[in-house]
Amino acid sequence: MAEVDETAKLWKVNRTIHELVRDRGYLVSDEEINMDLHHFREHYATHSVVDRGRMNFFTSSRNDPTDQIFVYFSEEKSVGVKTMRKMLGILDQHNIQRGIIVFPGNMTPSARKVIVAMAQTYRLEEFSESDLLVNITHHTLVPRHDVLTPEEKKLLLEKYRLKETQLPRIQLADPVARYYGLRRGQVVKITRPSETSGRYASYRICF
């Protein structure tokens, strides 16, 4: 029964991480997102146990084939420096600068220090499997978020004669900011339904 629960959990995690990558502008097949539990088990499990190593994947940006991302599923429950080195080795081998590590349990402080230490060379992010059981952007209380390009941000500030410091803020650690991989200084457009005008937009800057 535990194996069935573990498989169902990883099936949900796999779907959410593919949706996350797609929503950031990377190429993802509909088959991967719409895969049912039966096909997930057939594809990723051996003797009813899911092989996380088979869930790893690379993909490219829709707009820039040179912009690639690698999603790495850790077999280790507690991610340490050794696991991070293994992931960095794969990124280095394939000349990829962006990586997301997904892990079953937690991450040691030493492993988190690797993310900070390598920030000049690699853009690394981490999610626990429990973070990805549900896609928070699908929740009815979460409005639509669109990340502005640098050009769109510039036009917004010029149009309303604003300085960056005058924009409302969204924290770097906010779950939606993490989902979209926001970086400090990026602006997100938030569209909410409105009883009077149908919908209205607001803007927040990540800090």
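Where an unreviewed UniProt entry is consulted, the protein chain appears under the name DNA-directed RNA polymerases I, II, and III subunit RPABC1, with the organism given as Amanita thiersii Skay4041. For the record of the protein chain, the UniProt heading Sequence similarities (unreviewed entry) holds the text "Belongs to the archaeal Rpo5/eukaryotic RPB5 RNA polymerase subunit family."

Listing the buried residues of helix H5 (residues 109-117) in full gives Ala111, Val114 and Ile115. Viewed along the axis of H5, the buried residues span an arc of 100 degrees, placing them on a single side of the element. In H5, the exposed positions that point more than 90 degrees away from the buried face belong to Pro109, Lys113, Val116 and Ala117. Among the structural elements, strand S5 (78-79), helix H4 (81-93), strand S7 (106-107) and strand S8 (123-128) are those in contact with the buried residues of H5.

Right, let's talk about the sheet that holds strand S6 (residues 98-103) for a bit. With mixed pairing, the 4 strands of this open sheet are ordered in space as S3-S4-S6-S8. The two strands at the open ends of the sheet, each matched to only one other strand, are strand S3 (57-60) and S8. Pairs of neighbouring strands in the sheet enclose a mean axial angle of 20 degrees, with direction left out of account. Where strand S4 (residues 68-73) and S6 come together, 5 bridges link them in parallel fashion. Bridge pairing in S6 places phenylalanine 70 opposite glycine 99.

Our focus in this paragraph is the UniProt feature "domain: RNA polymerase subunit H/Rpb5 C-terminal" (unreviewed entry) in the protein chain. This chain's UniProt record puts "domain: RNA polymerase subunit H/Rpb5 C-terminal" (unreviewed entry) on residues 134-206. As annotated, residues 134-206 comprises 22% helix and 32% strand, and the C-alpha atoms at either end are separated by 23 Å.

Strands belonging to one sheet form pairs held by backbone hydrogen bonds; the direction of such a pair is parallel or antiparallel. If you trace the 4 strands from one edge of the open sheet to the other, you get S9-S11-S12-S10, paired in mixed fashion. Taken across any chain shown, the strands that pair with only one partner, and hence form the sheet edges, are strand S9 (144-147) and strand S10 (169-170). Strand direction decides the pairing type here: strand S11 (residues 187-194) and strand S12 (residues 198-206), joined by 8 bridges, are antiparallel. Bridging from a neighbouring strand, isoleucine 190 pairs with serine 202 of S12.

Another aspect to go through is the side chain of threonine 7. Inspection of the secondary structure assignment puts threonine 7 in helix H1 (residues 2-23). With a relative accessible area of 1%, threonine 7 lands in the buried category. Not counting residues within four places of it along the chain, the set of residues in contact with threonine 7 comprises Leu37, Phe40, Arg41, Ser48 and Val50.

As a further point, take helix H6 (residues 150-159). For H6, the full list of buried residues reads Lys153, Leu156 and Leu157. Down the axis of H6, the sector holding all buried residues measures 95 degrees, keeping them to one side. Opposite the buried face of H6, by more than 90 degrees, sit the exposed residues Glu151, Lys154, Leu155 and Lys159. On its buried face, H6 is in contact with S11 and S12. Positive backbone phi, at 50 degrees, marks arginine 161, one or two positions downstream of H6.

What counts, and at which threshold
- Residues numbered from 1 in each chain as written.
- Predicted model: local features only at pLDDT ≥ 70, side-chain atom pairs only at ≥ 80, totals over all residues.
- Heavy atoms only, no water.
- UniProt positions renumbered as here; feature names shortened; annotations may be inferred.
- Buried < 20%, exposed > 50% of the residue type's maximum accessible area, 1.4 Å probe, protein only.
- Helix = DSSP H or I, 4+ residues; strand = E, 2+ residues; numbered from the N terminus.
- Arc of directions from axis to C-beta.
- Contact = heavy atoms within 4.5 Å.
- Pairing = 2+ DSSP bridges.
- Axes fitted to C-alpha atoms, helices over the stretch in contact; angles between N-to-C directions.

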